[in-house]
Amino acid sequence: MKGYLGIDIGSISTKGVVIDKDNNILASEYLWTEGDPMGAVKKLLKVLEKQLDGKDIEIVAVGTTGSARKLIGVMTGAVTVKNEITAHAIGTTTLHPDVKTIFEIGGQDSKIIIIENGFVVDYAMNTLCAAGTGSFLSSQAHRLGVSVEQFGEIALTSKNPTNIAARCTVFAESDLVHKAQIGHKKEDIIAGLCKAVVTNYLNNIGKGKKISAPIVFQGGVSKNVGVKKAFEDAVGQEVIVDKNGHLMGAFGVAVLAKQSGKENKFSFDTAEINFKTTGFECPKCANHCEIICVFKGDKLIDSWGNKCDNGAVKIPK
Amino acid sequence: MESDVYACFPQWANYSCAFRFIFEKGFEVNYLTPPPITKRTLEIGSKISPDYVCAPFKYCMGCYIEALEAGANCLMQIFGACRLNYYGELAEQILRDMGYKFNFFNMANIDFKSPKSILENFKVINPNASLVKIGMALPVTIKIVKTLDKFEDFIRHNVGFEINDGEFDKVYKEFLEKLNKINNKKELKRLNKEYWKKLHQIPINKPDKTIKVGLVGDYYTVQEPFSNYFMEKELAKFGMEIYREMNLTNTIIHSKFKKSLKTGKKYAKHNLGATGNYTVAEAIKFAKAGASGIIQVKSFGCMPEIDTMPILQNVSKDYNIPVLHFSFDSQTSETGVKTRLEAFYDMIEARKHK
């Protein structure tokens with residue numbers, strides 16, 4: 001049977017999904033990128049291969065998305081390399097055809113996608129600031145001595161969430177420290193943080209956007225029930241969290257790879273091949289472009305990063 | 001030329017060709033074409049600028065230093081209806097504190113109603129400056145600016161459809177090199193004619209119905225390609241037709257400010273400062289003309305442009321046109337910009353089939 005692999009390599013986590021021609025998820029995995037996208041993908045491939053063991057699946061197309069999509073696209077011979085906004089929208093509309101608003105909060109970025117009749121009609125993404133994203137929540141969880149996985153459950157026990165400045169991570173952090181020191185309860189602070197994330201999101205990304213139900217909330221932070229509840233309180237609507245919400249980018253790009261109609265057979269042996277990247281600064285002008293070369297074994301297979309032709313690296317055919 | 005003055009205006013789109021003409025032919029001093037902006041320019045500029053100042057100031061500071069290094073001894077700054085009006089004074093002070101020796105021609109100091117004030121300030125550039133000579137060079141300078149703007153408009157509309165990659169760039173670069181050497185109106189006219197024809201001869205494959213996208217934003221960021229990550233080039237790669245109204249012709253030479261106030265009356269009754277009203281009016285104009293999307297590029301913290309954001313959201317709703325906002329400071333990662341542009345293109349494509 002034919003299978004389609006989608007990989008979403010984010011700044012914080014790497015997600016992989018294998019689907020069949022009817023978009024059923026046959027295998028999936030979610031693990032930490034830990035600053036090493038190639039290593040994370042190799043690990044991911046091993047896990048997925050194991051999950052597919054015994055089933056007669058042949059991967060005929062790969063799609064990649066997320067901030068390392070290009071690098072991993074080269075590594076896996078992907079037929080589709082797509083930005084995460086489109087990938088998420090496709091993934092969600094495939095599973096929830098009537099969705100009108102997608103809230104998405106990931107490790108480093110957050111976005112809102114507005115959908116009409118199954119098509120993206122508007123979107124926004126945070127630009128300069130990482131306030132109110134997953135990495136902020138996890139560092140604050142660490143500060144409070146709770147694991148980020150428990151964060152949401154603890155937040156739900158609060159009856160009186162503490163007010164925490166939502167405008168900026170730095171302000172939020174000092175506000176939090178201050179509130180803790182004057183004796184606010186931990187669960188109230190945690191619930192307050194969840195609220196702050198939501199306020200920040202709606203004030204920045206969601207500003208001026210037409211938010212209407214059904215709303216789907218996804219991305220790693222959607223697993224946090226505290227944030228989900230804070231969203232529901234803020235918009236006064238039910239917010240749907242799909243059980244595969246954290247995999248939506250990978251799922252979407254797998255669907256796109258399937259829809260592309262292109263096939264490029266993929267073998268899980270890729271996990272065994274030695275890929276490496278080298279970077280150097282192009283000395284030819286004051287732009288000092290950082291040029292990345294990707295090697296498969298000893299063979300140069302791709303390079304990028306040059307702003308002009310002077311820095312172009314010849315790829316041997 | 002006998003003058004030992006080397007004047008330089010910071011890098012700003014391709015207008016150095018026009019500055020060169022007025023300084024060499026009008027003020028009778030040498031003109032130093034500023035070195036092209038690179039990462040180094042921005043690094044130097046950021047280092048010596050206040051952190052919270054808008055990015056164009058940082059670019060200007062970097063350009064000043066690189067111009068001084070290249071031998072410039074007369075720097076300048078224009079005036080404006082926002083913080084730009086203080087740019088000159090602040091820049092001059094920072095550079096003087098650093099120990100540089102130079103003359104500074106600050107147009108914000110000129111009282112344009114007083115010929116005496118004008119002449120006095122002109123003498124900063126050349127003590128023997130002749131108003132007659134400057135008056136004679138001015139019409140040609142204006143014509144150069146208009147030519148640049150006309151050519152670039154044409155390129156924006158067509159470069160996305162060129163059959164041989166990079167051909168428009170090549171022809172235009174050649175034109176700029178020649179433009180930087182002209183001596184009089186006659187030569188300009190000839191060059192204009194020759195290259196207007198050459199641009200039209202470049203083979204393109206342009207469908208009848210194209211995806212049009214309008215660029216709006218603050219004066220510097222929308223005009224200087226380096227400061228917006230060469231966004232026009234990136235958009236052209238998707239095969240889009242690009243529109244931009246903001247340029248010297250439409251602001252200083254034939255100001256469309258009053259018209260802008262009128263066009264945007266429904267959305268903004270007051271003067272928003274700087275380019276705010278232009279941005280609103282241009283967005284409305286693009287929307288009415290059937291553009292598929294509007295992109296606003298602005299420097300981080302640009303107050304007048306921030307004020308236009310909620311207004312643009314209203315335009316977006318009323319005309320059912322998506323608006324994408326970009327804020328630029330001195331960060332240099334292109335990944336985020338490319339992701340958003342790619343998604344913008346996907347979205348426009350999808351809306352077409354709705």
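The rules behind the values
- Residues numbered from 1 in each chain as written.
- Chains lettered and ligands numbered in written order.
- Predicted model: local features only at pLDDT ≥ 70, side-chain atom pairs only at ≥ 80, totals over all residues.
- Heavy atoms only, no water.
- Helix = DSSP H or I, 4+ residues; strand = E, 2+ residues; numbered from the N terminus.
- Contact = heavy atoms within 4.5 Å.
- Phe/Tyr/Trp six-rings, centres within 6.5 Å; stacked < 30°, edge-to-face > 60°.
- Buried < 20%, exposed > 50% of the residue type's maximum accessible area, 1.4 Å probe, protein only.
- Axes fitted to C-alpha atoms, helices over the stretch in contact; angles between N-to-C directions.
- Parallel < 35°, antiparallel > 145°, perpendicular 65-115°, else oblique.
- Left-handed = near helix turned anticlockwise from the far one by under 90°.
- Pairing = 2+ DSSP bridges.
- Expected span 1.5 Å × (residues − 1).
- Nonpolar A, V, L, I, M, F, W, Y, C, P; charged D, E, K, R; others polar.
- Patch = residues over 30% accessible without salt bridge, like charges linked within 9 Å, V, L, I, M, F, W, Y side chains within 5 Å.
- Areas by Shrake-Rupley, 256 points an atom, 1.4 Å probe, with all protein chains shown as cover.
- Salt bridge = Lys/Arg side-chain N within 4 Å of Asp/Glu carboxyl O.
- Lys, Arg positive; Asp, Glu negative; His and termini not counted.
- Charge placed at Lys NZ, Arg CZ, Asp CG, Glu CD.
- Domains from an automatic or database assignment.
- Buried area = accessible area lost by both parts, 1.4 Å probe.
- Polar contact = N/O pair within 3.5 Å; in protein donor to acceptor, adjacent residues only side chain to side chain.
- Core = buried A, V, L, I, M, F, W, Y, C linked by side-chain atoms within 4.5 Å.

(A) Fine view of the environment of Ala137(B). Residue and element names in this part refer to chain B. With respect to the helices and strands, the residue Ala 137 is situated in helix H6 (residues 131-158). Counting along the chain gives 112 residues from Ala 137 to Lys 25, while the straight-line C-alpha distance between them is 5.9 Å. In contact with Ala 137, other than residues within four places in its own chain, are Phe 21, Ile 22, Lys 25 and Gly 26.

(B) Region of the structure containing the packing of aromatic side chains. Residues and elements named next belong to chain B. Counting across every chain of the model gives 33 aromatic pairs over all chains. When the centroid spacing of 6.0 Å and the interplanar angle of 45° are considered together, the rings of Phe 9 and Trp 12 count as tilted. With respect to burial, Phe 9 and Trp 12 carry one shared label: buried. Ring plane angle 25° and centroid distance 5.8 Å describe the contact between Tyr 172 and Phe 175, whose orientation is recorded as stacked. With Tyr 172 and Phe 175 both in helix H7 (residues 167-179) and three residues apart, this pair spans about one turn of that helix. Accessibility expressed as a relative area gives 8% for Tyr 172, which makes it buried.

(C) Structural context of the packing of helix H3 (residues 55-69) of chain B against helix H4 (residues 84-97) of chain B. Residue and element names in this part refer to chain B. Close contact between H3 and H4 brings their axes to 11 Å; oriented N to C, the two are set at 45°. Relative to H4, the element H3 is oriented oblique. Relative to H4, H3 is oriented so that their crossing is right-handed. For the pair H3 and H4, contact is made by Pro 56, Phe 57, Met 61, Tyr 64, Ile 65 and Leu 68 and by Tyr 87, Leu 90, Ala 91, Ile 94 and Leu 95, respectively.

(D) Broad picture of the sheet that holds strand S8 (residues 119-125) of chain A. All names here are of chain A. In spatial order, the strands read S8-S7-S6-S9-S10; together these five strands make up an open sheet with mixed pairing. At either end of the open sheet lies a strand with only one pairing partner, and these are S8 and strand S10 (239-240). Note: strand S7 (residues 110-116) against S8, six bridges, orientation antiparallel. Residue pairing in the sheet places Lys 111 in a bridge with Met 125 of S8.

(E) Fine view of H4(B). Residues and elements named next belong to chain B. Over its 14 residues, H4 extends 20 Å from the first C-alpha to the last, a length consistent with the 20 Å expected when each residue adds 1.5 Å. In this structure, the buried residues of H4 make contact with helix H2 (39-48), H3, strand S3 (74-77) and strand S4 (103-106). A positive phi of about 100° marks Gly 99, the residue just after H4.

(F) Representation of the packing of helix H13 (residues 276-288) of chain B against helix H14 (residues 303-319) of chain B within the structure. Residues and elements named next belong to chain B. Closest axis-to-axis distance for the H13/H14 pair is 9 Å, and the angle between their directions is 20°. Relative to H14, the element H13 is oriented roughly parallel. The two elements H13 and H14 meet at a crossing, and its hand is right-handed. Residues Gly 276, Thr 279, Val 280, Ala 283, Ile 284, Ala 287 and Lys 288 of H13 pack against Pro 304, Glu 305, Thr 308, Ile 311, Leu 312, Val 315 and Tyr 319 of H14. Among the residues forming the contact of H13 with H14, the class breakdown is nine nonpolar, three polar and two charged.

(G) Here's a closer look at the sheet that holds strand S5 (residues 211-217) of chain B. Residues and elements named next belong to chain B. Reading across the sheet, the four strands line up as S6-S5-S7-S8 and stay open at both edges, with parallel pairing between neighbours. With partners counted over all chains shown, the strands left at the sheet margins are strand S6 (240-244) and strand S8 (323-328), one partner each. Neighbour-to-neighbour, the strand axes of this sheet turn through a mean angle of 25°, independent of strand direction. Across the sheet, H13 lies against S5, S6 and strand S7 (293-299), angled at about 175° from S5, the strand it touches most. Contacts from H14 reach S5, S7 and S8, with the element oriented near 170° to S7.

(H) Quick peek at a negative patch on the surface. Together, Glu49(A), Asp53(A), Asp269(A) and Glu272(A) give the surface a local cluster of negative charge. Note that Asp269(A) resides in the loop between helix H9 (248-259) and strand S11 (275-281).

(I) Quick look at the domain arrangement of chain A. Residue and element names in this part refer to chain A. Taken as a whole, chain A is organised into domain 1 (2-89 + 250-272), domain 2 (98-241) and domain 3 (275-311). On the side of domain 2, 14 residues touch domain 1, which itself brings seven residues to the contact. For the pair domain 1 and domain 2, the two sides together bury roughly 780 Å², of which 75% comes from carbon and sulfur. Broken down residue by residue, the surface that domain 1 buries against domain 2 is led by Ile 85, His 88 and Ala 89, which jointly contribute 62%. Seen at the junction of domain 1 and domain 2, the total is zero salt bridges. Here domain 1 is connected to domain 2 by one residue pair in polar contact (both at pLDDT 80 or more). The residue makeup of the side of domain 1 that touches domain 2, split by class, is four nonpolar, two polar and one charged.

(J) Quick peek at the nonpolar core. One finds Trp12(B), Phe23(B), Leu75(B), Met231(B) and Ile295(B) to be the most contacted residues of the largest nonpolar core, which totals 110 residues. When residues of this core are assigned to their parent elements, the largest contribution, 10 residues, is made by H3(B). Discounting chain neighbours no more than four positions away, the residues touching Trp12(B) are Phe19(B), Ile78(B), Tyr219(B), Tyr220(B), Gln223(B), Glu224(B) and Leu248(B). With 34 residues, the next largest nonpolar core counts Val121(A), Ala155(A), Ile190(A) and Tyr201(A) among its residues.

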